[in-house]
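One-letter residues, chain by chain:
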Amino acid sequence: MCAGYHSDGEGENSFTDLDEFLCEYVDGTMDPAVRKAFEEYVRSEPALAEHVAQLMETRRLLCHYGHHVHAPCGLQTRLHQQLSIEMLEAQRPVLSGVAPRLSSAVALSSFLVLLFLTGLLTGPAESASEGGAVDRIVSYADDREESLVSEAAAFTDPWSMTREQVRTHRAPWNRLQDRAGIGRDTSLILVVAGAAGVRRTYAHP
Amino acid sequence: MMNTSMPVPRLAILAGPRVDGDLTQMSDEDLMSQFQAGNVEAFDLLVSRYKDPLTNYIYRFLGDMKECEDLLQETFLRVYRNRHSYRRIAKYSTWLYTIAGNLARSEYRKRKRRRLYSLQSVNRDEEEYEVEIPDETFSPDEHTESTIQDYYIQEALKQIPEEFREVVVLRDVQQLAYEEIAEITGLPMGTVKSRINRGRTKLQSLLKDIYIPQEG
C-alpha cells in the first residue's frame, strides 16, 4: 500500500472535485463498471493513488477502533427509574387538580361540623352559668315562652302604646325577634352556636 | 443483557401485555411494533441492541463521556415517550439516530456558545476564538494499544469541523448506509458523500502519528 501518511499541513489536497467518487471508491460501494474506469484513472495519477491509499487506511482505523466505547453500566436501571418517576408525575396532575379543592372542602366542612358539635355539646352544659348570647335567648325563651308570646301579642299595635310601654316591652320583643331570626337561617345557627361553643371551650378549657 | 449487577425494577406500571414468540429474533421494526402495543420487554431489547452503538456515536461526536451518558439516556427516554410517533415506513435505527443526532448537535452548539461566551468574558479585546483545552488526564503509558488508538482517533475527530465529524462517525464508526445518513442529517446524498471524503481527508494528517507503515 502506501509508505505512510502524507498530506499537506491542512490535510487538504487537490482532489476535492473527486469527493463523491473517492468516497464511494474507498467504501467499496461504487458501481463495478464505474469502479473499473476509476481504478484506471487512479493508476495513472500516482499522487491520487497515494491519497486513495491513505484514505483507505484512515477508514480502516475508524472502522476498527472507533466503536470501542461501551454504554455506561446501569443504563437500563436508570431508564426504568426515570420512566417510573415520569409516569407517577403524569398521574399527579389528575389528582392535583381535584385533591386541593376536595381537601379544602373537607377541611371547611369538618371545621363547621366541629364548631357545631362543640357548640352543641358545650353550649347547653355551660349555658346556665355562662349565659352565652344564643343560650340566653333560648333559655330566656324557654323560661318565659308564655309571657313572651303574650307580651308580643300585646305589642301587635305599637302605635297604640305609650312611650313607657314601648320601653318596657322592647327587650323581650327583640329577643323574640332574635329567636325567630335564628330559626329562619340554619347556617347562622350553626356558625353562631359553633362560635359560641368554641369561644367557651377556649376561654374555659 | 445488563452490564450491571443492580436489579432492574420491574414495576407494574411499566409492565405491558406479554406477547408470544421470541422477541430476540424479531427485527427492530417488529420490536417497535410490539413496544407500541404495550410490550415493554421489546423496549428493553431495543435499548440493549443500540446502547453501545449509540454510545459510540454520541461520544465520538461530543467527545465527553458524561454528556454522552446524559444524552444516551435522554435519547431512549424520547424513544419511550414518542413511541407512537414512529411509523414503520422508516427504519428504526434511522429514527433512533435522528433523535440522538438532533440532541447531540443541539448539545454541541450549546457547549460551543458557552465556551465562546466564557472566553469572550476574559478576553480584553472582545475577540471571539476557540481554544481546545488538552486532556491532561490521559497517560498513554498506562493504556493498551487499542486504548491509545482510541484516544488519538477521538482527539482527531474533535479537531475536524462538526459537519464532517458527524457524517464520518455515522459512516465509518456506525457503518450506516449513505441513504440513512442523508435521512438522519437531512442532507442530500451527494453532500453526504462529499463531506465523508473531506472529513476523512482532514483526519489523514491528524492520524498520521498512529499509522503503522506496512513494509514491502
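Everything discussed here concerns the structure shown above.
Throughout what follows, the structure given in this document is the object of discussion. Quick caveat, the model's predicted, so the values are computed rather than measured. (Residues numbered from 1 in each chain as written. Chains lettered and ligands numbered in written order. Predicted model: local features only at pLDDT ≥ 70, side-chain atom pairs only at ≥ 80, totals over all residues. Heavy atoms only, no water.)

### Concerning the nonpolar core
Move 1: Grouped together as the largest cluster of nonpolar side chains are 66 residues, with contacts concentrated most on L54, I58, F76 and Y92 of chain B.
Move 2: Top contributing element to this core by residue count: helix α2 (residues 40–62) of chain B, with 13 residues.
Move 3: Excluding anything up to four places from it in sequence, F76 of chain B contacts L75 and L79 of chain A together with F43, L46, V47, Y50, K51, L54 and L96 of chain B.
Move 4: Among the nonpolar cores identified, the runner-up in size contains 11 residues, and L18, Y25, F38 and V42 of chain A belong to it. (Core = buried A, V, L, I, M, F, W, Y, C linked by side-chain atoms within 4.5 Å. Buried < 20%, exposed > 50% of the residue type's maximum accessible area, 1.4 Å probe, protein only. Helix = DSSP H or I, 4+ residues; strand = E, 2+ residues; numbered from the N terminus. Contact = heavy atoms within 4.5 Å.)

### Some thoughts on the environment of D150 of chain B
All names here are of chain B.
Move 1: Mapped onto the elements of the fold, D150 is located in helix α5 (residues 145–159).
Move 2: Residue D150 is classed as buried on the basis of its relative accessible area, which comes to 13%.
Move 3: Polar side-chain contacts of D150 include one of 2.3 Å to the side chain of R60. (Polar contact = N/O pair within 3.5 Å; in protein donor to acceptor, adjacent residues only side chain to side chain.)

### Some remarks on the side chain of Q73 of chain B
Move 1: Note that Q73 of chain B resides in helix α3 (residues 65–81).
Move 2: You can call Q73 of chain B buried: its relative accessible area is 17%.
Move 3: Here Q73 of chain B is in contact with L75, R78, L79 and Q82 of chain A, once residues within four sequence places are set aside.

### What about the packing of aromatic side chains?
Two aromatic rings are characterised by how far apart their centres lie and by the angle between their planes.
Move 1: If you walk through the whole model with that rule in mind, you get 13 aromatic pairs over all chains.
Move 2: Their ring planes at 65° and their centres at 5.4 Å tell us that Y50 of chain B and Y92 of chain B sit as a pair that is edge-to-face. Remark: Y92 of chain B occurs in helix α4 (residues 92–122) and Y50 of chain B occurs in helix α2; sequence separation between them is 42 residues.
Move 3: Under the relative-accessibility criterion, Y50 of chain B is labelled buried at 12%.
Move 4: Residue Y92 of chain B is classed as buried on the basis of its relative accessible area, which comes to 1%.
Move 5: Cluster of aromatic residues (ring-pair linked, three or more members): F21, Y25, F38 and Y41 of chain A.
Move 6: Over the ring of Y80 of chain B we find R83 of chain B, and its NZ or CZ is 4.6 Å from the ring centre.
Move 7: The ring of F61 of chain B has R165 of chain B sitting right over it, with the charged end atom 5.2 Å from the ring centre. (Phe/Tyr/Trp six-rings, centres within 6.5 Å; stacked < 30°, edge-to-face > 60°. Lys NZ or Arg CZ within 6 Å of the ring centre and 35° of its normal.)

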